[in-house]
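Spelled out from the first residue to the last, the chains are:
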Amino acid sequence: MGSEKYPSENGFDAFLKKHGGSDNASTDCERTIFQFDVQRKSFKEALDRWAQFFICPLMIRDAIDREVEAVDSEYQLAKPSDSHRKEMLFGSLAKPGHPMGKFCWGNAQTLKHEPKKKKINVYKRLRAFWKKHYSAHYMTLAVQSKEKLDTLEKWVREIFSKVPNNGLSKPDFSDLLDPFDTPAFNQLYRVVPVRKVHALNITWALPPQEEYYRVKPLHYISWLIGHEGTGSILSVLRKKCWALALFGGNSETGFDQNTTYSIFSISITLTDEGFQNFYEVTHLVFEYLKMLQTLGPQQRIYEEIQKIEANEFHYQEQIDPIEYVEDICENLQMFPKEDFLTGDQLMFEFDPDVISGALSLLNPEKANLMLLSPEHEGQCPLREKWFGTQYNVEDIQQEWMERWTGNLELNSELTLPAENKFIATDFALKPSDCPDTEIPVRIADSDRGCLWYKKDNKFKIPKAYIRFHLISPVIQQSAKNIVLFDLLVNILCHNLAEPAYEAEVAQLEYKLVSGEHGLVIKVKGFNHKLPLLFHLIIDHLTDFSASPGVFSMFTEQLKKTYFNILIKPEKLGKDVRLLILEHSRWSMVEKYQALAAGLTSDELMDFSRNLRAELYAEGLVQGNFSSAESEQFLQYVTEKLQFSKLPVEVPVLFRVVELPMKQHICKVKALNKGDANSEVTVYYQSGLKLLREHTLMELLVMHMEEPCFDFLRTKETLGYHVYPTCRNTSGVLGFSVTVETQATKFNTELVELKIEEFLASFGETLTALTEEAFNTQVTALVKLKECEDTHLGEEVDRNWAEVVTQQFVFDRLDREIEALKKMTRDELVSWFKEHRGQTSRKLSVHVVGFGAEEHDEEAGGKKQEEEGKEEDLGGSTYGEVSKLTFLPASPKMAGTVAIMDIPAFIAGLPLFPYHKILE
């Protein structure tokens with residue numbers, strides 16, 4: 001927020017936005033990383049502006065006070081997250097005085113109220129922290145650009161040589177080893193999660209493993225433990241219907257790996273039955289570990305992993321530059337020079353002693369068990385200090401401990417993975433068998449499906465992408481059908497999990513998505529073995545089946561999934577907004593009710609037959625396949641599934657409600673008890689528009705981003721997340737501004753009035769916009785659209801969006817650039833003004849968090865933060881999320897129509913015709 005050389009508080013963000021850039025920063029246990037990107041022509045100036053933050057930042061008192069609010073808001077948003085809660089609870093088990101026991105977030109209490117009480121000057125502390133830790137001799141820097149390396153080096157020397165060096169030695173924590181070597185660690189912790197989920201975490205704190213990066217022992221072990229093929233832990237648990245997922249290893253965040261310890265954890269998502277048998281589940285894990293320890297490190301398996309990682313490294317596609325410099329910058333902190341680019345990705349040498357050493361530490365005596373379940377409600381009297389997580393501690397049952405530490409017999413169901421038949425060995429590039437084209441061409445077309453194809457001649461790597469959309473009329477017929485469709489896709493993924501796991505390990509990826517109007521199948525990776533995986537998926541869809549055990553396991557899981565979506569304010573807000581706008585859409589609440597009413601496996605089997613009876617298959621193949629090979633994929637789909645053509649065309653969009661020329665508000669109560677987070681979205685509907693208007697709106701939102709952040713977050717401190725968005729709702733345009741705030745601080749109506757205040761001031765700024773500033777912004781957007789794809793996936797995503805919405809404007813970017821070049825400042829200003837004022841079609845959706853009732857109206861809607869007992873987070877029952885509670889608008893919102901009944905409101909409204917934003 002300003003430096004001596006560039007004092008303007010939002011100067012850097014404004015500069016980046018003007019030149020198509022962005023920036024971010026993240027804090028970790030032993031590192032803070034800052035990164036930005038910008039268009040090449042402005043790179044040198046941006047570097048200079050950025051470097052000044054590390055040379056002479058202003059850190060003005062007033063800015064610091066306001067930023068405390070942003071930090072507090074971020075903490076409030078993190079509070080309902082089970083993973084953050086689990087981390088804080090885990091950290092609290094460290095030895096007294098170890099930094100892991102500290103509060104690793106920050107809030108108004110620690111940065112404002114307590115310092116005030118204790119007469120601590122936060123401003124002085126912050127400056128001292130900067131002086132101590134922001135020193136050139138242990139900072140690392142990575143820059144990437146198409147400039148010559150010599151030029152970049154010259155700039156860096158010129159710009160960064162003034163970063164101060166305090167000559168102090170780098171903070172060192174290596175004398176604080178074994179932070180979790182305490183009796184409290186090796187116990188069973190029962191925890192009440194916020195979401196509906198049963199999970200078992202088995203965790204060990206090992207000595208720091210970073211020095212073994214060339215062997216990567218934990219990666220080898222986690223590869224085996226997380227395996228999902230025959231003979232694996234998860235395979236056995238799935239057969240018993242005890243678990244849905246298992247992850248093992250070390251996430252390489254500062255929390256999991258630092259200079260005082262390395263974590264190894266195994267996290268298992270349990271079913272209701274698995275939760276009842278969690279000791280049996282743990283027993284199976286220890287049996288598997290015993291097998292690994294007995295057999296010792298396997299060179300065959302290590303070399304297989306090595307080969308897979310080396311293939312991936314050799315043929316890797318470029319990632320977004322801002323992510324790449326972030327990775328490299330961190331690598332500079334951890335590895336010697338020769339391994340800066342490879343140290344985090346490759347397995348260099350097989351060392352059985354190092355692997356055995358790590359394996360031997362994974363024993364029952366040193367394990368921490370954490371069991372999360374809503375069933376623990378009422379049995380957990382303890383509270384974690386910062387997030388208020390309810391938990392309880394007990395000894396691990398003696399009889400189980402004795403079984404695990406005694407002579408544990410090997411389990412015949414558990415085996416090491418067999419050799420992987422999906423590893424690619426042919427990396428040859430295919431010759432082209434049809435003329436080169438800039439955009440995909442339709443190479444097959446019938447009444448049952450069509451296929452779009454484009455040979456890759458740009459990236460020239462032995463990989464390919466296959467995507468299909470199997471469109472069906474039965475999905476949207478009822479809320480019940482949508483639920484059955486979700487179930488079908490989840491069970492299909494479950495049926496595929498074991499046979500397709502080898503392919504996943506060999507860097508072939510697949511994803512099945514229950515779309516609004518059809519099943520979406522996505523497959524990508526090395527083309528050599530990709531057809532094998534695609535056939536496997538279609539075969540499983542053809543022979544779909546679900547045993548009673550699997551059916552009940554997934555209906556129970558889907559109920560939890562819907563519940564976990566509904567308790568998030570941002571998801572509920574979107575659901576309510578689209579329920580109003582998209583005609584005949586089924587809401588999440590309706591899906592939840594249909595599921596709660598009860599379904600049978602016979603209904604699922606009937607649905608799966610109906611779904612497959614009549615379809616239209618639309619596909620796209622791009623990458624290293626010939627057109628003849630590509631056609632075979634569509635052929636396989638039609639021949640294997642044996643479906644009939646659709647009797648009538650099925651639209652892939654919804655009809656959209658045309659809002660009256662009035663201002664509307666829909667306020668609903670959040671569904672997560674005790675969660676203070678609220679969300680306000682103010683949406684302006686524009687209507688059926690052409691590509692030109694869509695581009696105009698993008699330009700408007702680009703203009704709006706930085707002032708919106710500056711006004712609503714930096715100055716008004718309404719919340720951590722504030723942003724404007726272009727909305728294309730089934731072909732109908734609009735734009736919105738969203739603020740995520742807390743009910744304990746702001747009333748949602750006050751937030752809406754502040755958004756309106758921002759839009760009014762933005763209107764004035766826009767009117768005063770100079771031709772030069774307008775042209776700079778147009779150029780920035782044109783440059784963003786002209787920006788080359790960094791990898792084939794970006795091009796495929798863009799083309800797939802055209803196929804899946806049946807618009808087929810594959811040269812959309814070129815058309816948008818043409819439209820932009822002809823755009824005028826006056827058009828932009830008048831377009832914005834048209835959408836404001838009394839005749840605008842405005843809809844605001846408020847999701848109101850808990851704690852809003854106690855507002856003192858006279859205090860302008862801002863609540864005094866008092867310290868008192870907080871309500872426990874979570875604890876909503878299944879019944880409580882099955883209906884929405886609508887709230888009336890207050891007299892402050894005079895002239896606004898409050899929506900208290902959505903079906904009644906939209907009943908008489910006209911609908912826009914089906915529309916695709918084409919020409």
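Values in this document were obtained by computation on a predicted structure and should not be read as measured data. (Residues numbered from 1 in each chain as written. Predicted model: local features only at pLDDT ≥ 70, side-chain atom pairs only at ≥ 80, totals over all residues. Heavy atoms only, no water.)

This part covers the packing of helix 11 (residues 278–295) against helix 15 (residues 398–405). Between helix 11 and helix 15, the shortest axis-to-axis distance is 10 Å and the interhelical angle comes to 15°. What the angle tells us is that helix 11 and helix 15 run roughly parallel. Viewed along their axes, helix 11 and helix 15 form a crossing whose handedness is right-handed. Here helix 11 contributes Tyr-279, Glu-280, Thr-282, His-283 and Phe-286 to the contact with helix 15, which in turn contributes Trp-400, Arg-403 and Trp-404. Per-class residue counts for the contact of helix 11 with helix 15 are 4 nonpolar, 2 polar and 2 charged. (Axes fitted to C-alpha atoms, helices over the stretch in contact; angles between N-to-C directions. Helix = DSSP H or I, 4+ residues; strand = E, 2+ residues; numbered from the N terminus. Parallel < 35°, antiparallel > 145°, perpendicular 65-115°, else oblique. Left-handed = near helix turned anticlockwise from the far one by under 90°. Contact = heavy atoms within 4.5 Å. Nonpolar A, V, L, I, M, F, W, Y, C, P; charged D, E, K, R; others polar.)

On to the packing of aromatic side chains, then. The tally for this structure, following the rule as stated, stands at 45 aromatic pairs. Summarising the aromatic geometry, the rings of Phe-180 and Tyr-261 are spaced 5.3 Å apart at their centres and angled 85° between planes, so their arrangement reads as edge-to-face. Highlighted residues: Phe-180 in the loop between helix 7 (149–160) and strand 3 (188–191) and Tyr-261 in the loop between strand 5 (243–249) and strand 6 (262–270), separated in sequence by 81 residues. Pair check on accessibility: Phe-180 and Tyr-261 agree, each one buried. For the ring pair Tyr-302 and Phe-350, a centre distance of 5.1 Å and an interplane angle of 55° mean the geometry is tilted. Of the two residues, Tyr-302 sits in helix 12 (residues 299–314) while Phe-350 sits in the loop between helix 13 (321–334) and helix 14 (352–361), which places them 48 residues apart along the sequence. The class for Tyr-302 is buried, based on a relative accessible area of 0%. In this structure, Arg-442 packs its charged tip against the face of Phe-808, placed 5.6 Å from the ring centre. The ring centre of Phe-526 lies 5.3 Å from the NZ or CZ of Lys-463, which sits over that ring. (Phe/Tyr/Trp six-rings, centres within 6.5 Å; stacked < 30°, edge-to-face > 60°. Buried < 20%, exposed > 50% of the residue type's maximum accessible area, 1.4 Å probe, protein only. Lys NZ or Arg CZ within 6 Å of the ring centre and 35° of its normal.)

Inspection of every chain in the model, using the stated rule, returns 51 salt bridges. Note that Glu-802 is salt-bridged to Arg-812, the shortest N-O span being 2.6 Å. Here the residue Glu-802 occupies a position in helix 26 (residues 792–804), and Arg-812 occupies one in helix 27 (residues 812–821), the gap between them amounting to 10 residues. What emerges from the salt-bridge pattern is a single network uniting Glu-69, Asp-72, Lys-112 and Lys-745. (Salt bridge = Lys/Arg side-chain N within 4 Å of Asp/Glu carboxyl O.)

Helical geometry note: an α-helix holds 3.6 residues per turn, so side chains three or four residues apart project in the same direction. By the burial criterion, the buried members of helix 27 are Arg-812, Glu-816, Ile-817, Ala-819 and Leu-820. Seen along its axis, helix 27 keeps its buried residues to an arc of 160°; they face one direction. For helix 27, the secondary structure elements touched by its buried residues are helix 23 (691–715), helix 25 (771–786) and helix 26. (Arc of directions from axis to C-beta.)

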